[in-house]
Amino acid sequence: MMNADELMNHARAVAAKAYAPYSRFQVGCALVTAEGGLYTGCNVENASYGLTICAERNAIFHAVAQEGQGMRIASLAVIALGHEFPPCGACRQVISEFGAPQLPVSFLQNGFLTTKTLAELLPATFQL
Ligand code: THU
């Protein structure tokens, strides 16, 4: 089982690959699935700004493409090079599609790696 520090190292590595010429905000995400798969994603921006995809959704969609519709996230880490931030609201909702309320989500806060549950980050998820 990969710990949060190791997962964050994978997220940091993929952040360097981000395509972010507009915001210069390079984000990387790494996740481990219930099956034990490791998937990563970076943000990919576009000249038509709204078409930008966040690192978290890139990693999650990659995981679905590899493992199929039963893919479940066991843990997730996200980091931006030179910045601190938790996942954006849109990505929290997408994480909730594939993760339990207790899912650990790691990010940097005040210089330290912090881990919160998905339920703490998104208490009221939308579900059909
Ligand atoms: N971004 C992410 O990749 N994940 C987030 O949770 C927040 C924002 C990206 C989108 C855009 O390329 C850049 O960061 C600035 O918003």
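Described in the following lines is the structure provided in the data block. This structure is a prediction, so every number in the text was calculated from the model and none was measured. (Residues numbered from 1 in each chain as written. Predicted model: local features only at pLDDT ≥ 70, side-chain atom pairs only at ≥ 80, totals over all residues. Heavy atoms only, no water.)

**A closer look at the packing of aromatic side chains**
Move 1: Per the counting criterion, the structure on display carries two aromatic pairs.
Move 2: Aromatic side chains tyrosine 22 and tyrosine 49 sit 5.5 Å apart centroid to centroid with 40 degrees between the ring planes, which places their arrangement in the tilted category. Here tyrosine 22, found in the loop between helix 1 (4–15) and strand 1 (27–33), pairs with tyrosine 49, found in the loop between strand 2 (38–42) and helix 2 (55–67); they are 27 residues apart in sequence, far enough to count as distant.
Move 3: The exposure class of tyrosine 22 is partly exposed, given its relative accessible area of 39%.
Move 4: On the numbers, 5.4 Å between centres and 65 degrees between planes, the contact of phenylalanine 25 with phenylalanine 85 is edge-to-face. A residue pair is termed long-range when its members are at least 10 positions apart, and phenylalanine 25 in the loop between helix 1 and strand 1 and phenylalanine 85 in the loop between strand 3 (73–80) and helix 3 (89–98) qualify at 60 residues. (Phe/Tyr/Trp six-rings, centres within 6.5 Å; stacked < 30°, edge-to-face > 60°. Helix = DSSP H or I, 4+ residues; strand = E, 2+ residues; numbered from the N terminus. Buried < 20%, exposed > 50% of the residue type's maximum accessible area, 1.4 Å probe, protein only.)

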